[in-house]
Amino acid sequence: MSSLVSDVPSQAHWILELINYDFRGAAGYLVAFCPRNSFTEKSFYTYLVPLLSQGRRHKLGSCGLKFLSSVEASVVGLSHIYRARADSNGEQLKKLALFLGKCHENMDGMSEIILRRDANIPADGNAVSVLIPNPEDSSVGDSVQLGFLPRNVAKWVAPLSDIGLFAFSAYIHPKEVLAAALEGSNNKVKLILNVYTGPAFPTIPEVTQLEYVSAICSLVASSQRYSGLWRLKEVLGQYKWPEHLESEFVFGSSSVGSVNAQFLAAFSAAAGKRSLPFSDSEESDPDWGCWNASQELKNPSVRIIFPSIERVKNNRSGIMASRRILCFSQKTWQRLKNIGILHDAIPYPSDRIGFPTHVKVGRRRFESKDGSSFLMVYCGSHKLQCCCLGRPMSDRQLNGNVRNTSVLGSRLHISNYELGIIFVVPPPETVDHVKQDTRNLDDIVLPFVMPEIIPQETSPTAQAIKGGIGGRAEQEREINEAVLALSGGLMEEEITEEEEEEAIEAAQYVAQEKEDEKAYADKLWSQVDSSQSC
């Protein structure tokens, strides 16, 4: 919600309205899909670093402040001070390299920095400077300034810090900073903001000023949370699902887009699927025994429910009744037709037979020897496609080595706003561990029955529709319209997806400051330089 209204300050109050409700008794889990950040880091950085507006460095945990979330931001203006004319003798660069070389790095290769409020800079009263401290000196005086927080981040960090609602700390990659400084380029340097409760945090319900309400909304919208497939994994990964007791894993969808073994493996892994030999392992590595594309190819994990062409043709209102309801990618059909995972969507209850279905629901069910069952049921607003659920991508380091080889990737690209909900009846041994209402989800009726596998030639793709219906002149117009409707533009969509994926891979590490960010930083630097020369 905050992502939707963060650019409409007058509506930001809706976020604070949610504070009045207690969702701890909810029987389901929401799964949000938000494209506000095409790339979302999966890691959550919880390391304790300096308080924003104080001169001395403190450990936030020792102050009794609670970690809330992380925000991925950047440093702007780094190139300004290290340009040849600004640092002609290289003293600043040498000092920066010295400090960075002595900085302690955590397991993610990141080092703590200092954030300093610069409310007296005329260009922006919300300005926040980014400094590298001397690791051997606890004072802020002996430090090197890198640049500033971007204007769109400082506009909510500054006011929320000033009134004590939140406290902020930050981390950077030293090697990334030094490389950008040496090059003198405008490449973005990533900065991770950690968000903590501030001393005035309990007073949030009393906040009414639009400036602060809007800032809170922007903070929530920017905060890193698990989304898409990672949110599925977060919810279902807290349970230990016994693979040998699985009785079904199905997903019914009226829209099937670009799907391959890699995506199906990621979806299954997010739903808790693991390699059978490792399913009972106590290995602490979350990726140990994780389901992967190779296993998916050998032993398909999930069955896809989609109406056959005969069912579409026999609808009471004919093919046109499925106009803009059914979509099936021809390319996906070619990939999946020979592996036996496609099943006809027979509507349930029976009085729905003959009407087009608009279904996006899945179920994974287990049955124990004593006849009891436990399962998860998922229902979402999206088609079965990676651009909706999220395309896992490997995060490559500067030297080209893959840092993460998990089928769920280290970065997730989501293109659409979508929403889903999960209901869970957990395995008996996890009920005490996870507080959950263990009602019988077998009472949830799926809108289809388990069917026979669709014959290869009868999938209702656009080509099948066109080739499978007689060419009587009076039907030609309706047939062509139906073909276009059932195609849903998917052939074009697949081409653009492939081009988009190539562009994403190529652009992962060449992100540069935007012109407005550079102009903002240059204006701040000019006023800082002027004040220091006086």
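Thresholds applied
- Residues numbered from 1 in each chain as written.
- Predicted model: local features only at pLDDT ≥ 70, side-chain atom pairs only at ≥ 80, totals over all residues.
- Heavy atoms only, no water.
- Helix = DSSP H or I, 4+ residues; strand = E, 2+ residues; numbered from the N terminus.
- Buried < 20%, exposed > 50% of the residue type's maximum accessible area, 1.4 Å probe, protein only.
- Contact = heavy atoms within 4.5 Å.
- Areas by Shrake-Rupley, 256 points an atom, 1.4 Å probe, with all protein chains shown as cover.
- Pairing = 2+ DSSP bridges.
- Axes fitted to C-alpha atoms, helices over the stretch in contact; angles between N-to-C directions.
- Salt bridge = Lys/Arg side-chain N within 4 Å of Asp/Glu carboxyl O.
- Phe/Tyr/Trp six-rings, centres within 6.5 Å; stacked < 30°, edge-to-face > 60°.
- Lys NZ or Arg CZ within 6 Å of the ring centre and 35° of its normal.
- Patch = residues over 30% accessible without salt bridge, like charges linked within 9 Å, V, L, I, M, F, W, Y side chains within 5 Å.
- Polar contact = N/O pair within 3.5 Å; in protein donor to acceptor, adjacent residues only side chain to side chain.
- pLDDT = per-residue confidence, 0-100.
- Expected span 1.5 Å × (residues − 1).
- Arc of directions from axis to C-beta.

If you check an unreviewed UniProt entry, the protein chain appears there as HIRAN domain-containing protein from Sesamum calycinum.

> Describe the overall build of the protein chain, with residues and values.
Helix and strand counts for the protein chain come out as 17 helices and 21 strands. Per-residue burial for the protein chain yields a buried fraction of 50% across its 534 residues. Considering only contacts within the protein chain whose residues lie at least 6 apart along the sequence, 79% involve residues at least 24 apart. Of the roughly 25500 Å² of accessible surface on the protein chain, a fraction of 51% belongs to carbon and sulfur atoms.

> Talk me through the sheet that holds strand β5 (residues 114-117); I want residue IDs and the actual numbers.
Strand order in the open sheet formed by 3 strands is β5-β6-β7, with antiparallel pairing between adjacent strands. Of all the strands in the sheet, the pair left with one neighbour each is β5 and β7 (143-148). On average, each strand axis in the sheet is inclined to that of its neighbour by 35 degrees, with strand direction left out of account. In the sheet, β5 pairs with strand β6 (residues 128-133) via 4 bridges, with the strands oriented antiparallel. Along β6, the bridge assignment pairs L115 with V130. Contacting β6 and β7, helix α4 (residues 91-102) runs over the sheet at an angle of about 100 degrees to β7.

> Talk me through the pattern of salt bridges; I want residue IDs and the actual numbers.
Using the criterion set out here, one finds 13 salt bridges in the structure. In this structure, R24 engages D22 in a salt bridge whose closest nitrogen and oxygen atoms are separated by 2.7 Å. A relative accessible area of 77% places R24 in the exposed class. The exposed category is assigned to D22, whose relative accessible area is 53%. Residue R117 is joined to D162 by a salt bridge in which the shortest nitrogen-to-oxygen separation is 2.9 Å. Linking R117 in strand β5 with D162 in helix α5 (residues 151-162), this pair joins segments that are 45 residues apart in sequence. Classification of R117 by relative accessible area gives buried; the value is 15%. By sharing partners, the salt bridges in this structure join E243, E246, K273 and R364 into a single network.

> Give me the lowdown on the packing of aromatic side chains, citing residues and values where you can.
Using the criterion set out here, one finds 12 aromatic pairs in the structure. When the centroid spacing of 5.3 Å and the interplanar angle of 70 degrees are considered together, the rings of F148 and W525 count as edge-to-face. Here W525 lies in helix α17 (residues 515-533) and F148 lies in strand β7, a separation of 377 residues in the sequence. When its relative accessible area of 0% is taken as the criterion, F148 is described as buried. On the basis of relative accessible area, W525 is assigned to the buried category, the value being 2%. Between W241 and F366, the ring centres sit 5.2 Å apart and the planes meet at 15 degrees, which makes this aromatic pair stacked. Here W241 is found in the loop between α8 (228-236) and β10 (246-253), whereas its partner F366 is found in strand β16 (residues 360-367), with 125 residues between them in sequence. For the pair W241 and F366, a shared accessibility class is recorded, and that class is buried. Above the ring of W291, the side-chain terminus of K273 is found at 5.1 Å from the ring centroid. Between R364 and the ring centre of F249, over which it is positioned, the NZ or CZ distance is 5.6 Å.

> For a nonpolar patch on the surface, give the residues involved together with the corresponding values.
Where nonpolar side chains cluster on the molecular surface, the patch consists of M1, W14, L18, Y21 and F23 and spans about 610 Å² of accessible area. Topologically, Y21 is positioned in the loop between α2 (13-17) and β1 (28-33). For Y21, a relative accessible area of 56% translates into the label exposed.

> Residue-level account of helix α9 (residues 261-270), with values.
Working note: α-helix, 3.6 residues per turn, so residues spaced by three or four point in the same direction. Burial analysis of α9 places 9 of its 10 residues in the buried class, the great majority of the element. If you check which residues of α9 are buried, you get A261, F263, L264, A265, A266, F267, S268, A269 and A270. Where α9 begins, one side-chain oxygen reaches toward the backbone nitrogen of Q262, 3.2 Å away; that side chain belongs to N260.

> Got a sec to walk through the confidence of the model for the protein chain? Specific residues and values, please.
Model confidence for the protein chain is summarised by a mean pLDDT of 77, while 73% of its residues fall at 70 or above. Confidence, expressed as mean pLDDT per element, reaches its minimum in the protein chain at strand β2 (residues 40-41) with 44 and its maximum at α5 with 95. Scored below 50 in pLDDT, residues 37-59 makes 95 contacts in the model with residues more than four places away or belonging to other chains. Across residues 470-474, where pLDDT falls below 50, the model places 3 contacts with residues more than four positions away in sequence or in other chains.

> Could you give an account of α4, naming the residues involved and the relevant values?
An ideal rise of 1.5 Å per residue puts 16 Å on 12 residues; α4 measures up with 17 Å between its terminal C-alpha atoms. Listed in full, the buried residues belonging to α4 are L96, F99 and L100. Within α4, the buried residues cover an arc of 95 degrees as seen down the axis, which keeps them to one side. Away from its buried face, by an angle of more than 90 degrees, α4 presents the exposed residues K94 and G101.

> So, the pairing of strand β17 (residues 373-380): which residues are in play, and what are the values?
Taken across its 8 residues, β17 has 7 buried, putting it largely inside the fold. Alignment of β16 against β17, held across 7 bridges, turns out to be antiparallel. Paired with G362 across the bridge in β17 is Y378. What sits between β16 and β17 in their antiparallel hairpin is a turn of 5 residues, with G371 showing a positive phi close to 95 degrees. As defined by bridge partners, β17 adjoins strand β20 (residues 418-425) across 6 bridges and the pair is classed as antiparallel. Bridged to M376 within β20 is V424.

> Could you give me a rundown of the environment of W525, with the residues and numbers involved?
Taking the C-alpha atoms as reference, W525 lies 9.8 Å from A123; in sequence the two are 402 residues apart. The contact partners of W525, leaving out residues within four places of it in the chain, are G77, H80, I81, Q145, L146, G147 and F148.

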